[in-house]
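Residue-level listing of the chains:
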Amino acid sequence: YLTKWMHALDLVSDATGDLKYRRWALELAHIAYERFTYTTPANSQRMYWKMSIDLSYPLVHSMGQHDALDGYVTYQELHHKACRSSRLPKALYLEDAIAGLLQMSHAVNQESDDPLGIGGMLSDAALLAQLIVENKETQSSILLSSLLRKAYKGITRLLHTDTMRYPAAYRLAFRELGLSIGLHGVSQMQRLVSRHAGSFEEPIELQKRLKSLQAYLPLCRYIENFWLNPNSQKSPTWSEHLDINTVMLATSLEPDGYLRLSL
């Protein structure tokens, strides 16, 4: 979740015009990469999933399925903004961390039928599409296409399980709302690829993948209405995770502030 703080701080800097928030985001990015990542005996880079509060030792040694991907996209965002500003020192740039995160993301199987994981991939894809247009980096289109393919496959598998028809007591709102937030990015990506086709490799293929995902957009309204229902909010699974559930519901209802690269 540190990447969410980085993204939020970066957008606060856009909103206020105060670069100290972007500096804080960059400083957090540097220290997080330094403390969370390590080199294995086989000379490959890995990332701990959880660290102690003071970042002195790992709490969970395994690597999260989408943490490196999420880091890669967020660090690209911060680096891109930093390079555009002459008032931020080059010591805060993130080239090395970006390369390391990309390598780590390739080393993990990102396919998932978990709604939060699928939604995370789609949210990252929405930001990545904007970065491609702004930075003119068509090579990232391959990654974008891969994320869309995996997200479609994941949603198909998820719906075959029928778990989203279970009573509220057997469901986790924040995980489902993560999917809803990510799906809100599909229409945004469709507009980007349509208006800036030259910025993407194989834009027609991208549009096909996005059109396939468009069929699942009614899930957004279904998930939001289910968790807006007062009866659903009486469930222990709602109250036990109240903070994150309410934040995720608010974000799903007004997703543009989160899914945009800049304000």
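Relevant structure appears above.
Reading the values: rules and limits
Residues numbered from 1 in each chain as written. Predicted model: local features only at pLDDT ≥ 70, side-chain atom pairs only at ≥ 80, totals over all residues. Heavy atoms only, no water. Phe/Tyr/Trp six-rings, centres within 6.5 Å; stacked < 30°, edge-to-face > 60°. Helix = DSSP H or I, 4+ residues; strand = E, 2+ residues; numbered from the N terminus. Lys NZ or Arg CZ within 6 Å of the ring centre and 35° of its normal. Core = buried A, V, L, I, M, F, W, Y, C linked by side-chain atoms within 4.5 Å. Buried < 20%, exposed > 50% of the residue type's maximum accessible area, 1.4 Å probe, protein only. Axes fitted to C-alpha atoms, helices over the stretch in contact; angles between N-to-C directions. Parallel < 35°, antiparallel > 145°, perpendicular 65-115°, else oblique. Left-handed = near helix turned anticlockwise from the far one by under 90°. Contact = heavy atoms within 4.5 Å. Nonpolar A, V, L, I, M, F, W, Y, C, P; charged D, E, K, R; others polar. Salt bridge = Lys/Arg side-chain N within 4 Å of Asp/Glu carboxyl O. Polar contact = N/O pair within 3.5 Å; in protein donor to acceptor, adjacent residues only side chain to side chain. Expected span 1.5 Å × (residues − 1).

### A word on the packing of aromatic side chains
This structure, assessed with the given rule, holds 6 aromatic pairs. Where Y222 meets F226, the ring centres are 6.5 Å apart and the plane angle is 35°; that geometry is what we call tilted. Remark: F226 and Y222 occur in helix 9 (residues 218-228); sequence separation between them is 4 residues, near one turn of the helix. For the pair F226 and W227, a centre-to-centre distance of 4.9 Å together with 85° between the ring planes defines the contact as edge-to-face. Through a chain of ring-to-ring contacts, three or more aromatic side chains come together here, namely Y222, F226, W227 and W238. The ring of W49 has K50 sitting right over it, with the charged end atom 4.9 Å from the ring centre. The residue whose ring lies beneath R171 is F226, and the NZ or CZ to ring-centre distance is 3.7 Å.

### Thoughts on the nonpolar core
Counting 75 residues, the largest nonpolar core has Y75, L144, L148, I155, L179 and L183 as its most contacted members. Top contributing element to this core by residue count: helix 5 (residues 115-135), with 11 residues.

### Remarks on the packing of helix 7 (residues 173-195) against helix 8 (residues 203-214)
Packed helix pairs are characterised by how far apart their axes lie and by the angle those axes make with each other. One can describe the packing of helix 7 onto helix 8 by two numbers: an axis separation of 10 Å at closest approach and a directional angle of 155°. Taken together, the axis directions place helix 7 and helix 8 in an arrangement best described as roughly antiparallel. Relative to helix 8, the crossing made by helix 7 is left-handed. Counted together, L183, V186, M189, Q190, V193 and S194 of helix 7 and P203, L206, Q207, L210, K211, L213 and Q214 of helix 8 form the full contact between these two elements. For the contact of helix 7 with helix 8, the per-class residue count stands at 8 nonpolar, 4 polar and 1 charged.

### Concerning the pattern of salt bridges
Evaluated as defined, the whole model comprises 14 salt bridges. Salt-bridge contacts for K81 lead to D10; the nearest nitrogen and oxygen are separated by 2.4 Å. Remark: D10 occurs in helix 1 (residues 2-16) and K81 occurs in helix 3 (residues 67-84); sequence separation between them is 71 residues. Of the charged contacts in the structure, one is a salt bridge between R149 and E111, with a shortest N-O distance of 3.8 Å. Placement of R149 in helix 6 (residues 140-161) and of E111 in the loop between helix 4 (95-106) and helix 5 is noted, with a sequence separation of 38 residues between them. With a relative accessible area of 35%, R149 lands in the partly exposed category. For E111, a relative accessible area of 22% corresponds to the partly exposed category. Each member of the salt-bridge network shares a partner with another, and the members are D10, D14, R22 and K81.

### Considerations on the environment of K136
Topologically, K136 is positioned in the loop between helix 5 and helix 6. Residues K136 and R22, 114 residues apart in the sequence, show an inter-C-alpha distance of 23 Å. Here K136 is in contact with L131 and S199, once residues within four sequence places are set aside.

### Observations concerning the environment of N245
Mapping N245 onto the fold places it in helix 11 (residues 242-253). Distance from N245 to L101, taken between C-alpha atoms, is 29 Å for residues 144 residues apart in sequence. Contact partners of N245, with chain neighbours within four places excluded, come to A173, F174, L177, T237 and W238. There is a polar contact of 3.0 Å between the side chain of N245 and the backbone oxygen of W238.

### Some points on helix 5
Taking 1.5 Å per residue as the helical rise, helix 5 with its 21 residues ought to reach 30 Å, and the 30 Å between its terminal C-alpha atoms agrees with that figure. The element helix 5 is extensively covered by neighbouring structure, given that 17 of its 21 residues are classed as buried. K136, located one to two residues past helix 5, shows a positive phi value of around 55°.

As far as function goes, none of this settles anything; it's purely spatial.
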